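# Inside the fold
In case you want the letters, here they are:
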Amino acid sequence: MIPRITGFLHGGDYNPDQWLDRPDILEKDIELMHAAHVNCVSVGIFSWAMLEPEEGKYDFAWLDQVIDRLYKGGIYVILATPSAARPAWMAQHHEEVLRVNTQHLRMHFGERHNHCLTSPYYREKVRQINTALAQRYAAHPAVILWHLGNEFGGECHCPLCQQAFRDWLKEKYTTLENLNQKWWTAFWSHRYTDWAQIEAPSLLTDRSNLAMRVDWQRFMSHQCKTFIAAEREAVQSVSPKLPCTANLMERFWDYDYFSLAESMDIVSWDSYPEWHNEDNIAEAAEFAMNHDLMRSLKKQPFLLMESTPSQVNWKPRNKLKRPGMHLLSSLQAVAHGSDSVQYFQWRKGRGGSEMFHGAVVGHDGTGDTRVFRDVAQVGKTLEKLEKAVYQKPVKAQVCILFDWENRWAIDFAQTGQKGNMRYFDTVNMHYRALWEKGIAVDFCDMRESTDLTGYKLVIAPMLFMLRGGMEEKLRDYVQNGGALVMTYFSGMVDEYDLACLGEAPHGLTDVLGIRATELDALYPGQENGLVTEEGRYGITELCEILQLKGAKVLGTYESDFYAGSPCLTHHTFGKGQSWYLAAKTEQAGLNALYGHIADALEIDKALPDQLPCGVVAAKRGDCVFVQNYTHRAQTLQLTGKWINLLTDVPAEAEIAPFGVWVLQKA
Ligand code: GAL
């Protein structure tokens with residue numbers, strides 16, 4: 001993935017530009033990095049004001065020294081482009097770089113991550129500095145990877161973005177007539193007669209045109225993608241072989257990450273779980289899914305670009321990681337496909353908003369802290385696991401469809417639990433049922449290139465929007481022997497967010513053997529039940545009413561005017577089969593459903609054994625990572641003989657609180 005690198009990266013964001021008047025500290029950093037088993041740091045992420053103190057005047061002398069010092073110390077450098085925060089002089093003299101918010105107010109200088117992605121001036125300045133950085137450092141033996149910008153996000157409503165949106169729409173729809181039709185503007189007299197009348201959806205304009213809102217998200221996502229692509233082109237025009245990444249975020253909504261990933265060579269992301277909250281296991285399930293999603297964006301290992309060695313400083317409550325949790329959460333990322341464990345940040349700064357954010361080295365400046373020792377332990381562990389795990393694939397037989405355009409369309413839909421349909425959480429509940437069983441999962445979206453062949457099971461929770469020919473793909477997949485799980489609120493609109501005419505889920509009623517006729521929303525606190533042969537599972541939020549078209553009923557509604565009607569069905573179609581779940585059941589309902597399906601389809605599990613609640617196993621290569629997310633020691637009885645690679649001795653019966661094992665067959 002990264003030429004010259006043959007093992008895990010371990011390190012983090014390094015901001016020596018804050019310490020240039022303290023050469024003693026900069027020297028000490030290298031010594032401490034060795035002690036912490038750190039081999040790689042990211043440099044220059046927010047350094048634009050230091051690199052170009054005046055317009056057109058670069059100062060690289062300090063960075064030369066930093067990179068040379070790291071190189072001499074045997075530390076690799078991930079070199080950042082500085083586009084995530086611009087210098088004050090630029091904001092002062094070139095207003096167009098400043099974003100305009102949804103109330104059409106232009107922001108002033110300050111903060112970060114708030115530049116206009118369209119501004120030709122900003123793009124040109126980024127191109128110039130990226131090119132200059134590449135000319136100076138791309139061939140430096142310490143530099144292994146480009147870190148483009150930082151955590152791209154947000155939207156801008158400036159006149160340049162408005163015009164670019166119109167141009168993008170013209171390209172997409174060709175004629176206003178076509179746009180009017182696809183946006184259903186005959187409703188409420190919203191018909192456009194001039195492209196110039198179109199304004200991006202905002203608090204001051206139109207938020208009722210749902211199709212336009214989905215298009216606006218697509219457009220902003222496209223702007224970000226082309227921005228990243230332009231950054232990459234600038235650095236790779238100098239040195240085509242040095243790969244590029246951009247660090248992504250959890251639960252991120254604004255841009256389509258599957259699409260953004262096409263503009264980078266390697267996916268990386270920043271992971272900040274809220275450990276030790278009231279449901280640590282749910283947190284672990286959510287972050288396991290985040291890791292798998294990141295791995296799925298390019299179907300290759302990813303990099304954990306940021307995590308905290310102890311606590312963050314931006315949550316309402318910033319809890320410390322309990323003993324064991326640092327190694328456990330770091331190895332969770334590795335188990336799901338990460339080839340690095342990186343932190344924000346190496347050393348705590350003395351001021352600024354992040355002076356109290358967890359860092360490897362604190363204000364005491366020593367290696368004599370619990371946090372530092374935890375970090376060193378992760379470094380040593382990664383060295384140990386290199387041969388068995390680095391670059392090894394995670395092989396999944398299950399694919400969950402998770403699609404950003406579908407997500408936007410669901411969130412804009414004015415129905416059901418309006419504005420709170422909980423797509424991400426619902427996908428995570430389906431995921432969790434498999435994760436708890438040690439079943440590996442890939443994610444795919446609905447782009448045309450998505451290929452479902454080879455998966456034993458495809459899960460499509462809330463596939464409200466169908467695009468990219470997904471209904472045909474799902475039909476062929478089942479016809480040819482695949483197994484599909486689909487849920488309520490699926491197959492309702494097309495890629496333009498126009499309701500599909502005819503029976504729902506569109507184009508799939510014969511594949512599923514049912515037809516969805518109505519969607520009921522429950523008030524908070526109200527519950528229905530799914531009643532199956534085995535038991536009863538609570539239902540909240542959403543209940544869809546079904547009409548049978550050949551499917552077998554596996555479960556029915558417990559109450560209300562649709563009591564006794566089908567809620568869970570099974571159908572055979574061609575050589576394959578499908579399940580349809582019409583309501584939002586509690587987790588136990590999904591666990592039971594996937595228990596049956598996994599057994600029936602003989603889906604591989606990391607371990608054949610039933611593990612105690614809160615202990616999960618995940619497989620990468622031929623290593624099984626057993627993880628205890630509870631604060632209690634747990635007793636495990638494993639079939640077969642296993643060596644724990646972390647201790648080089650056979651796995652014991654008891655796993656420590658927040659303990660982790662990496663097992664290989666003895
Ligand atoms: C990330 C960001 C870092 C730092 C960190 C703190 O989102 O990329 O620069 O702010 O959060 O947790």
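Starting afresh in each chain, residues are numbered from 1 along the sequence in its written order. Under the rules for a predicted model, residues below a pLDDT of 70 receive no local features and side-chain atom pairs below 80 are neither given nor counted, while totals for whole chains, interfaces and linings still include all residues. Computation of side-chain values covers all heavy atoms of the structure but excludes hydrogens and water.

### Topic: the site of the ligand
Proximity is defined per residue: any heavy atom of the residue falling within 4 Å of a molecule or strand makes that residue near it. Lining the immediate environment of the ligand, one finds Phe-46, Arg-112, Asn-150, Glu-151, Asp-270, Tyr-272, Glu-306, Trp-314, Phe-344, Glu-354 and His-357. In the model, an oxygen atom of the ligand is placed 2.8 Å from a nitrogen or oxygen of the Arg-112 side chain. All accessible-area figures derive from a Shrake-Rupley calculation using a 1.4 Å probe, and residue coverage is judged against the displayed protein chains alone. Protein contacts shield 95% of the accessible area of the ligand, which totals 310 Å² for the unbound molecule. Amino acids are sorted into nonpolar (Ala, Val, Leu, Ile, Met, Phe, Trp, Tyr, Cys and Pro), charged (Asp, Glu, Lys and Arg) and polar (every other residue, Gly among them). Tallied by class, the residues present in the shell around the ligand amount to four nonpolar, two polar and five charged. N or O atoms within 3.5 Å of each other form a polar contact, as long as, within protein, one can give a hydrogen and the other can take it, and as long as residues adjacent in sequence are counted only when both atoms are side-chain atoms.

### So, a nonpolar patch on the surface
A surface patch of nonpolar side chains, amounting to about 450 Å² of accessible area, comprises Trp-184, Phe-187 and Trp-188. With respect to the helices and strands, the residue Trp-188 is situated in the loop between helix H7 (176-182) and helix H8 (210-236). Taking the relative accessible area as the measure of exposure, Trp-188 reaches 56% and is therefore exposed. To count toward a patch, a residue needs a relative accessible area over 30% and no salt bridge; like charges are then connected within 9 Å, while nonpolar side chains (Val, Leu, Ile, Met, Phe, Trp, Tyr) are connected within 5 Å. Just to be clear on terms, a salt bridge is a Lys or Arg side-chain nitrogen sitting within 4 Å of an Asp or Glu carboxyl oxygen. Helix and strand definitions follow DSSP, with helices as H or I runs of at least four residues and strands as E runs of at least two, each counted in order from the N terminus. A simple rule labels every residue: compare its accessible area, found with a 1.4 Å probe on the protein chains alone, to the largest value its type can have, and call it buried under 20%, exposed over 50%, or partly exposed in between.

### Examining the environment of Lys-552
Relative to the elements of secondary structure, Lys-552 occurs in strand S16 (residues 552-557). Once the C-alpha coordinates of Lys-552 and Leu-601 are considered, the two residues, 49 residues apart in sequence, prove to be 18 Å apart. Only heavy atoms enter the contact rule, under which two residues are in contact if any of them lie within 4.5 Å. In contact with Lys-552, not counting residues within four places along its chain, are Leu-568, Thr-569 and His-570.

### Structural notes on the sheet that holds strand S24 (residues 649-650)
Taking strand neighbours across the sheet as the criterion, the five strands line up as S20-S21-S26-S23-S24 in an open arrangement whose pairing is antiparallel. Bordering the open sheet on either side are strand S20 (615-620) and S24, each of which pairs with just one other strand. Note: strand S23 (residues 642-644) against strand S26 (residues 660-665), three bridges, orientation antiparallel. Considered in S26, the bridge of Trp-642 is made with Lys-665. Together, S20, strand S21 (623-628) and S26 form the strand contacts of helix H12 (residues 370-389), whose direction differs from that of S21 by roughly 135 degrees. The criterion for strand pairing is that DSSP finds at least two bridges linking the strands in question. Each axis is a line fitted through C-alpha atoms, and for a helix only the stretch in contact is used; angles between axes span 0 to 180 degrees, taken between their N-to-C directions.

### Topic: the environment of Gly-507
Considering the arrangement of structural elements, one finds Gly-507 in the loop between strand S12 (483-487) and helix H16 (509-512). Overall, Gly-507 belongs to the partly exposed group, its relative accessible area being 36%.

### A short note on the packing of helix H11 (residues 325-335) against H12
Running from N to C, H11 and H12 point in directions that differ by 30 degrees, and their axes come no closer than 10 Å. Taken as axis vectors, H11 and H12 run roughly parallel relative to one another. Here H11 and H12 pass one another in a crossing that is right-handed. Contact residues: His-326, Leu-327, Ser-330, Leu-331 and Val-334 in H11; Asp-374, Val-375, Gln-377, Val-378, Thr-381, Leu-382, Leu-385 and Val-389 in H12. Angle categories are assigned with fixed cut-offs, so that under 35 degrees is roughly parallel, over 145 is roughly antiparallel, 65 to 115 is roughly perpendicular, and the rest are oblique. For any pair of crossing helices, the crossing counts as left-handed if the nearer helix is rotated counterclockwise from the farther one by less than a right angle, and right-handed if it is rotated clockwise.

### Side note on the domain arrangement of the protein chain
Note: domain ranges come from an automatic or database domain assignment. As assigned here, the protein chain comprises domain 1 (9-178 + 218-389), domain 2 (398-601) and domain 3 (615-665). Computed over C-alpha atoms only, the centres of domain 1 and domain 3 are separated by 32 Å. The term buried area refers to how much accessible surface (probe radius 1.4 Å) is lost by two components on association, counted for both of them together. Interface area for domain 1 against domain 3, summed over the two sides, is near 1600 Å², with a carbon-plus-sulfur share of 69%. When the buried surface of domain 1 facing domain 3 is broken down by residue, Leu-328, Ala-335 and Lys-384 rank first, second and third, together holding 33% of it. For Asp-339, the salt bridge is made with Arg-620, and the minimal N-O distance between the two is 2.7 Å. Taken together, domain 1 and domain 3 are joined by six residue pairs in polar contact (both at pLDDT 80 or more). Within the residue set of the side of domain 1 that touches domain 3, elements represented by two or more residues are helix H10 (280-298), H11 and H12.

### Let's talk about the sheet that holds strand S5 (residues 244-249)
Hydrogen bonding along the main chain pairs the strands of a sheet, whether they run parallel or antiparallel. Taken in spatial order, the eight strands make up an open sheet running S7-S6-S5-S4-S3-S2-S1-S8, and their pairing is parallel. Each of the sheet's edge strands pairs with one partner strand only, and the pair in question is strand S7 (303-306) and strand S8 (340-343). Between one strand and the next, the sheet's axes are offset by a mean angle of 30 degrees, whatever the strand orientation. Of the strand pairs in this sheet, S5 and strand S6 (residues 266-270) are connected by five bridges, and their pairing is parallel. Residue Asn-247 lies in a different strand from S6, and its bridge partner there is Ser-268.

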